Amino acid sequence: MTTVSISGLRVGYGRRPVLEDLNLELGVGVHGLLGPNGAGKTTLMRVLATVLRPDRGDVRLLGQPLSDHAGLRVARRRLGYLPQSFGFYPRFTVREFVEYFAWLREMPSAAIPLAVDRAIERVGLLDRADDRMKHLSGGMLRRAGIAQAIVNDPRLLLLDEPTAGLDPEQRVEFRALLRELGLDAVVVVSTHLVEDVVAACTRVGLVDNGRLVFTGLPDELIAAGGDGDSGDSPIERGYTAVLRGAREAAR
Ligand SMILES: Nc1ncnc2c1ncn2[C@@H]1O[C@H](COP(=O)(O)OP(=O)(O)OP(=O)(O)O)[C@@H](O)[C@H]1O
């Protein structure tokens, strides 16, 4: 079932287009989003999170057209978003921080305490739930950010570089959580860590210079690479081969 549908998307900052003529259909599962620095991944995430309005194109999230105010409100209640960098009140505890997002997403008050504790537990922070945000390490802050993104059990979960700053043990646990979340939600994960894609993603998209130059299975990206391509792993070789092909075709 397709639950995210984008057609003819164009987004720019000022006059400069950053995403151009982008078409994308996403169903339930974990979708990895790869691409070089500045390719447009965060911009795409921001459009899906409804915080950036496209210049052109049609975006439907969970069956709701974002051009319509009622649709936008329904979609916002059902999505979770971890931005690449996020602000917080430093004196909030982890529990208060996650509660605040539950409230913003209009969760029923009676359901909030249990949902907050469950989200904090799922990211392994329950023993720090009463610590103030300003006392957390970088990796712990990211985990608190993931907890706020999943507190409402979102149907569409957008995670912009969620594994940045996590230690190896936490990354392995987080990938298991991703696989679990992707069983019944659309999960989009922007990452530079190709190992995350191999370990946790059901599908992968590659953005280069504002265009989607590949979508397919992680194994298909791996198969695109050959011995002559640069990279230390099969998926890195696939990644560089696809980028090289897309750039040659664009010349
Ligand atoms: N607020 C902004 N104003 C102007 N230009 C911007 C703004 N945000 C991003 N850009 C530009 O848009 C392009 C795409 O940026 P974006 O952050 O979407 O890339 P990205 O693929 O997420 O990169 P990275 O991997 O480095 O996070 C870049 O050229 C960037 O400089």
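Residues numbered from 1 in each chain as written. Predicted model: local features only at pLDDT ≥ 70, side-chain atom pairs only at ≥ 80, totals over all residues. Heavy atoms only, no water.

- Per an unreviewed UniProt entry, the protein chain is named ABC transporter ATP-binding protein, and its organism is Micromonospora sonchi.
- Turning to the protein chain, the UniProt annotation filed under Sequence similarities (unreviewed entry) states: "Belongs to the ABC transporter superfamily." (UniProt positions renumbered as here; feature names shortened; annotations may be inferred.)

1. Brief notes about the site of the ligand
- Every one of the 14 residues lining the ligand counts as a neighbour, but Gly38, Lys41, Thr42, Thr43 and His192 are closest to it.
- At a separation of 2.8 Å, an oxygen atom of the ligand approaches a polar side-chain atom of Thr42.
- Measuring from an oxygen atom of the ligand, one finds a side-chain N or O atom of Gln84 at 3.1 Å.
- In isolation the ligand exposes 640 Å². Once the protein is present, 63% of that is buried.
- Secondary structure elements with two or more residues in the shell around the ligand: strand E2 (16–27) and helix H1 (41–48).
- Counting residues per element, the shell around the ligand draws most heavily on H1, at three residues.
- A class-by-class count of the residues in the shell around the ligand yields four nonpolar, seven polar and three charged. (Near = heavy atom within 4 Å. Polar contact = N/O pair within 3.5 Å; in protein donor to acceptor, adjacent residues only side chain to side chain. Areas by Shrake-Rupley, 256 points an atom, 1.4 Å probe, with all protein chains shown as cover. Helix = DSSP H or I, 4+ residues; strand = E, 2+ residues; numbered from the N terminus. Nonpolar A, V, L, I, M, F, W, Y, C, P; charged D, E, K, R; others polar.)

2. Re the UniProt feature "domain: ABC transporter" (unreviewed entry) in the protein chain
- Here the UniProt-annotated "domain: ABC transporter" (unreviewed entry) positions come out as residues 4–234.
- Along residues 4–234 the backbone is 35% helical and 27% strand, and the end-to-end C-alpha distance reaches 29 Å.

3. Here's the deal with the domain arrangement of the protein chain
- For the protein chain, the assigned domains are domain 1 (2–78 + 156–250) and domain 2 (86–153).
- Of note, the centres of domain 1 and domain 2, computed from C-alpha atoms alone, are 25 Å apart.
- At the interface, 17 residues of domain 1 touch 12 residues of domain 2.
- For the pair domain 1 and domain 2, the two sides together bury roughly 1,200 Å², of which 54% comes from carbon and sulfur.
- Taken as a group, Arg77, Gln170 and Leu177 account for 35% of the area that domain 1 buries against domain 2, more than any other trio of residues on that side.
- Counting across the interface, domain 1 meets domain 2 through three salt bridges.
- For Arg73, the salt bridge identified is with Glu106, shortest N-O distance 3.0 Å.
- Connecting domain 1 to domain 2 are seven residue pairs in polar contact (both at pLDDT 80 or more).
- It is helix H6 (residues 168–181) that provides the largest number of residues to the side of domain 1 that touches domain 2, a total of five residues. (Domains from an automatic or database assignment. Contact = heavy atoms within 4.5 Å. Buried area = accessible area lost by both parts, 1.4 Å probe. Salt bridge = Lys/Arg side-chain N within 4 Å of Asp/Glu carboxyl O.)

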